[in-house]
Amino acid sequence: MTGNAVLGKRLSEALGIEAPIVQSGMAGVAVPGLVAAVSNAGGLGVMAALGAKPDALRESIRQIRQATDKPFGVNIWLHSDVRTSPDPAAISDDVVRGSQAVLNHFRPRFDLPVTFERPAPARDLVNDALTVMIEERVPVFSAGLGIPEADLVERFHRAGTKVLSMVATLSDGVSAVANGVDAIAAQGTESGGHRSYGTKPDRQGATGSSCLVLVPAMVDAVGREVPVLASGGVVDGRGLAAMFALGADGALMGTRFVATKESGAAEVWKQRITSGDRSTTLTDGFTGQWARVLNSEFTDHWAESRAEALPGLLQAAAGRDLFGAARASDDDQLQPLYAGAAVAQLSDIPSAAEVIQTLTADASRILNR
Ligand SMILES: Cc1cc2nc3c(=O)[nH]c(=O)nc-3n(C[C@H](O)[C@H](O)[C@H](O)COP(=O)(O)O)c2cc1C
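What you see is a predicted model, and the numbers here were worked out from it, not measured in a lab.

Rules used throughout
- Residues numbered from 1 in each chain as written.
- Predicted model: local features only at pLDDT ≥ 70, side-chain atom pairs only at ≥ 80, totals over all residues.
- Heavy atoms only, no water.
- Pairing = 2+ DSSP bridges.
- Helix = DSSP H or I, 4+ residues; strand = E, 2+ residues; numbered from the N terminus.
- Buried < 20%, exposed > 50% of the residue type's maximum accessible area, 1.4 Å probe, protein only.
- Arc of directions from axis to C-beta.
- Contact = heavy atoms within 4.5 Å.
- Near = heavy atom within 4 Å.
- Polar contact = N/O pair within 3.5 Å; in protein donor to acceptor, adjacent residues only side chain to side chain.
- Areas by Shrake-Rupley, 256 points an atom, 1.4 Å probe, with all protein chains shown as cover.
- Nonpolar A, V, L, I, M, F, W, Y, C, P; charged D, E, K, R; others polar.
- Core = buried A, V, L, I, M, F, W, Y, C linked by side-chain atoms within 4.5 Å.
- Axes fitted to C-alpha atoms, helices over the stretch in contact; angles between N-to-C directions.
- Salt bridge = Lys/Arg side-chain N within 4 Å of Asp/Glu carboxyl O.

**Q** Would you mind going over the sheet that holds strand E7 (residues 193-194) in detail, with residue names and values included?
**A** Across the sheet, which stays open at both edges, the three strands sit in the order E7-E11-E10 with antiparallel pairing between neighbours. For this open sheet the edge positions go to E7 and strand E10 (280-283), each flanked by a neighbour on one side alone. Relative to strand E11 (residues 291-294), E10 is paired through four bridges, and the arrangement is antiparallel. Residue pairing across strands places Leu282 opposite Arg292, the latter belonging to E11.

Below you can see the structure in the form of structure tokens.
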């Protein structure tokens, strides 16, 4: 019996996939080549639509369709401050100055001028992206940072699209299922990337629960109605088997797929998550929302400064020059290198298909011992 045959039957039925693994949407990382490779290997590849203009999103969806005839997903955030960006003019001078002071500390490193300017208002692209997904009848809509409301779920269902909702709390999971979603991903605090809240909690609230706590609770609360994926800390077959033991139907994984051959992550990022010191921290200093990243000079300085992040994603807009310059020069200290707490277990850069085959075979072996 193959791993795929043993594992994830309910998930297969709900999302039309063969392996119990969903690769998370990750801007710049989950490029069409990675999405198609995951789907072709039997998992669910998901591309991230956040920030993509409608034509670019449509083009990426078409590229994926050219590369696979298997189901795939498109992800976007439904966070209230991302759907409608806060007005920069409404932010207090102190908050702007405090945030810019931290950015100014590092700007001279790239010969960037210091500034205490407010960022320009952000464009609202979320509703446009949702419309493109519905028009394109994508197989799966994957929602992060905020739960889809019932009428949005209904619009997707009318287009023949399944809806997967990632949540970090039990109450959000219950609400999402009441709104009609087809599957839930329970996101534990181990997760790399942004914490999946629809409004920003304070630092303590953002810590959340580990998968060990959240997954069985979610399974008990909604598992009879929809399949539950575990999201956070799964990078190998042991982790996948552990999530099955907790009652999950599969895993939604990000960090492991950053370090794959098909991933669009920069080489410096792949290298940093497969070797050396890989302690991680939760910070809101890169985008304005809480995210788990590799520790760096920036995250240390941001935490020490006690600066308040600009709301929505305006923090990312304020730091675009600095983080962009860091990216352009492969600086690993001044750009967000998103990574989950299990990152230290990674040491190789396999293909996406190898990840899916190895994890399902190893998990199957462990569970059948
Ligand atoms: C590089 C990176 C980017 C991510 N981007 C997104 C995203 O755009 N949308 C989303 O819903 N989740 C995103 N996530 C979070 C994942 O959905 C997921 O919760 C997380 O990766 C699971 O933990 P793991 O990284 O330990 O596998 C991202 C994660 C990483 C590592």
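**Q** Hey, could you go over helix H15 (residues 297-305) for me, with residue numbers and the actual values?
**A** Within the sequence span of H15, burial applies to Phe298, Thr299 and Trp302. Within H15, the buried residues cover an arc of 95° as seen down the axis, which keeps them to one side. Close packing links the buried residues of H15 with helix H6 (93-106), E10, E11, helix H16 (314-318) and helix H17 (320-328). At the C-terminal side of H15, Arg306 shows a positive phi close to 55°.

**Q** Which residues make up the site of the ligand, and what values do they have?
**A** Around the ligand lies a shell of 23 residues, among which Gly25, Ser231, Gly233, Gly254 and Thr255 are the nearest. With respect to the ligand, the backbone of Gly25 contributes an N or O atom lying 3.0 Å from a nitrogen atom. Asn75 places a side-chain nitrogen or oxygen 2.9 Å from a nitrogen atom of the ligand. In isolation the ligand offers 590 Å² of accessible surface; the protein chains occlude 96% of this area. Listed by contribution, the elements that provide at least two residues to the shell around the ligand are strand E3 (72-77), strand E9 (250-253) and helix H13 (255-258). Counted by class, the shell around the ligand contains nine nonpolar, 14 polar and no charged residues.

**Q** Can you lay out the nonpolar core for me, pointing to particular residues and giving the numbers?
**A** Buried together is how nonpolar side chains tend to be arranged in soluble globular proteins. Within the largest apolar cluster, 77 residues are counted, with the highest numbers of intra-cluster contacts made by Met133, Phe141 and Phe257. Tallying contributions element by element places helix H7 (residues 126-135) first for this core, with six residues. Those residues within four positions of Met133 in sequence are excluded, and the remaining contacts are Ala49, Val74, Asn75, Ile76, Val138, Phe141 and Phe156. The next biggest cluster of nonpolar side chains, apart from the first, holds 21 residues, and it includes Val102, Leu103, Phe298 and Ala326.

**Q** Tell me what's going on with the sheet that holds strand E5 (residues 162-167), and back it up with residues and numbers.
**A** Reading across from one edge, E1-E9-E8-E6-E5-E4-E3-E2 is the order of the eight strands in this open sheet, with parallel pairing throughout. Since the sheet does not close on itself, it has two edges, and those belong to strand E1 (21-23) and strand E2 (45-48), each with one partner. On average, each strand axis in the sheet is inclined to that of its neighbour by 25°, with strand direction left out of account.

**Q** With reference to specific residues and values, describe the pairing of E11.
**A** Bridge count between E7 and E11: two bridges; the pairing is antiparallel. Following the sheet pairing, His194 is matched in E11 by Ala291.

**Q** So what about the side chain of Glu136? Which residues, and what values?
**A** Residue placement: Glu136 occurs in the loop between H7 and strand E4 (140-144). In this structure Glu136 comes out as buried when scored by relative accessible area, which is 12%. In terms of polar contacts, Glu136 uses its side chain to reach the side chain of Arg58, at 3.1 Å. In contact with Glu136, other than residues within four places in its own chain, are Arg58, Ile61, Arg62 and Arg65.

**Q** Describe the pattern of salt bridges, and please don't skip the residues or the numbers.
**A** For the structure shown, the criterion picks out 17 salt bridges. Put simply, Asp93 and Arg118 hold a salt bridge, and the shortest N to O gap is 2.4 Å. Taken together, the residues Asp93 in helix H6 and Arg118 in the loop between H6 and H7 connect sequence positions 25 residues apart. Given a relative accessible area of 53%, Asp93 falls into the exposed group. Close ionic contact of Asp284 with Lys200 constitutes a salt bridge, the shortest N to O distance being 2.8 Å. Of this pair, Asp284 sits in the loop between E10 and E11 while Lys200 sits in the loop between E7 and helix H10 (203-207), and the two are 84 residues apart along the sequence. Taken together, the salt bridges that share partners define one network made up of Arg58, Arg62, Arg65, Glu135 and Glu136.

By themselves these figures say nothing about function.
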